[in-house]
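Per-entry structural report
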Amino acid sequence: MSLATGLLQWQWWHPLVYTLILTHFTIIAVTVFLHRHSAHRALQLHPAVKHAFRFWLWLTTSIKTKEWTAIHRRHHATCETEEDPHSPQVLGIKKVLLEGSELYKQAADPATLSRFGNGTPDDWLERKIYSHPVGNYLGIAVMAAINIALFGPIGLTIWAVQMLWIPIWAAGVINGLAHYWGYRNFESPDAARNLVPIAAFIGGEELHNNHHTYPNSARLSSRWYEFDIGWFYIRTLQLMGLAWDIRRGPVVHKVASKSMIDADTALAAANDRFRIMAQFKRQVLRRTIRSDRRIKASAGAHYRGLVQWLSQNQEHWDDARHDWMNTFFEKHPELRTLHSLKEELNHIWSLRTRSKEELMAAFKAWCEKADAAGVEALSEFSAMLRQYTLKPAAIGAR
Ligand SMILES: [Zn+2]
Ligand SMILES: [Zn+2]
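Source: prediction; values computed, not measured.

Each value, and the rule that gives it
- Residues numbered from 1 in each chain as written.
- Chains lettered and ligands numbered in written order.
- Predicted model: local features only at pLDDT ≥ 70, side-chain atom pairs only at ≥ 80, totals over all residues.
- Heavy atoms only, no water.
- Salt bridge = Lys/Arg side-chain N within 4 Å of Asp/Glu carboxyl O.
- Helix = DSSP H or I, 4+ residues; strand = E, 2+ residues; numbered from the N terminus.
- Buried < 20%, exposed > 50% of the residue type's maximum accessible area, 1.4 Å probe, protein only.
- 1 Å grid on protein atoms, 1.4 Å probe; cavity = no way out; pocket = protein on both sides within 12 Å on 5 of 7 lines; lining within 4 Å.
- Points joined across faces, edges and corners; volume = space filled by probe spheres on them.
- Nonpolar A, V, L, I, M, F, W, Y, C, P; charged D, E, K, R; others polar.
- Donors = N, O, S within 2.8 Å, 3.2 Å for Na, K, Ca; no water.

Let us now look at the pattern of salt bridges. The full count for this structure, using the stated rule, is 17 salt bridges. Linking Glu126 and Arg54 is a salt bridge whose minimum nitrogen-to-oxygen distance equals 2.8 Å. Here the residue Glu126 occupies a position in helix H7 (residues 124-130), and Arg54 occupies one in helix H2 (residues 47-60), the gap between them amounting to 72 residues. Accessibility classification places Glu126 together with Arg54 in one group, the buried group. Arg294 is the partner of Asp292 in a salt bridge, and the nearest nitrogen-oxygen pair spans 2.8 Å. Judged by its relative accessible area of 14%, Asp292 falls in the buried class. Linked by salt bridges that have partners in common, Arg54, Asp123 and Glu126 make up one network.

Let us look at empty space enclosed by the protein. Throughout the structure, instances matching the rule amount to three cavities of 30 Å³ or more. Here the largest cavity is characterised by a volume of approximately 110 Å³. Lining the largest cavity, in full, are Ile27, Val30, Thr31, His35, Trp68, His72, Tyr104, Ala170, Ile174, Asn175, Glu205 and His208. Secondary-structure elements contributing two or more residues to the lining of the largest cavity are helix H1 (14-39), helix H3 (65-77) and helix H9 (154-174). Here the lining of the largest cavity takes four residues from H1, the largest share from any one element. Considered class by class, the residues forming the lining of the largest cavity number six nonpolar, five polar and one charged. Taken as a whole, the second largest cavity holds about 80 Å³ of empty space. Mapped onto the lining of the second largest cavity, the elements with two or more residues apiece are helix H13 (273-291) and helix H17 (333-349). In terms of residues, the lining of the second largest cavity owes the most to one element, H13, which gives four residues.

Protein coordination at the zinc ion (ligand 2): the donors are His35 (NE2), His40 (NE2), His72 (NE2), His76 (NE2) and His211 (NE2), at 1.9 to 2.2 Å from the metal. The sequence pattern describing where the donors of the zinc ion (ligand 2) fall on their chain is H-x4-H-x31-H-x3-H-x134-H. The two metals, the zinc ion (ligand 2) and the zinc ion (ligand 1), are separated by 6.0 Å. Here His35 is found in helix H1, whereas its partner His211 is found in helix H10 (residues 208-213), with 176 residues between them in sequence. For the pair His35 and His211, a shared accessibility class is recorded, and that class is buried.

This is how it looks when you write it as structure tokens:
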């Protein structure tokens, strides 16, 4: 059956596909342009691409680049504190989920804009149209007119969905839920979590724990099973010569044959500390726990949470967990060793701001202690740490 209100002869599913395509472009504009380019400077974009994104955001959202950028930078700078514009840890999950957009409006004060809004567009288009008090709303009015012209009255419903897309998915789900629920690859200092490994309709932003760990990386995926669709578009733009200076997480150099620890080893490892702690969790803690059936038997109902608990800092444990862990450690002293070695390794990273020699000495002592513990997974891990170097070429030069 074809319906013929508006300019088009359309099938019932056409408005659905049209809405999904339009909202997809909008979320890509938010993640690639506003988030990764404007707020974090993780990539540079061709002026034509920037103009296209700005035009699209004006047409479909009425978001002002400077406001969004400043509020988001403030979020990273003050994460999970009273100053954070949208922390569910401070304001409660319900408020951020349901009133995410409202929180943006409240946070867009002149102090935030001048402190965090540097380097955002300030050209004629921005002043006279996109950020102009009237011009700002002109875009979404034009969008409504286009929808109605194409589909008749149902065009208004499409428009309503478009208007709600970013408030619900970005301001609510990403800002709220992704600081509350999901899995953590990295022990970033905030509460950020990856919601799921793939959610193309929110543009890769579901990988929020990865993002808070490496905020200046243009790529948000980190494990092999994670897919960041925003990164796919960035690579496509790069291939077309429309994106460049694309930043990633810390560049890691390792030399397989290297076993000697020098100052470069310790510095290079400190740069890659989040990934190293994640590897410790997977390759040492999880492997050791899984390889010993007695652990499963004595952990009982707590078995599933064990890896997570052991990879957390002790200060996150409440009294009940402290008691349980102490009894558990008496039965499995090797896990107590692993846990305290993990805490010591975490402490070493805090020495990176002190002298090179101090960092190197602590790092060396840790590796020797790990080798002496008599746990196979730990010896392999320490051998892997020894391979770190700042630049592989430096090895040959010595
Ligand atoms: Zn966040
Ligand atoms: Zn960010």
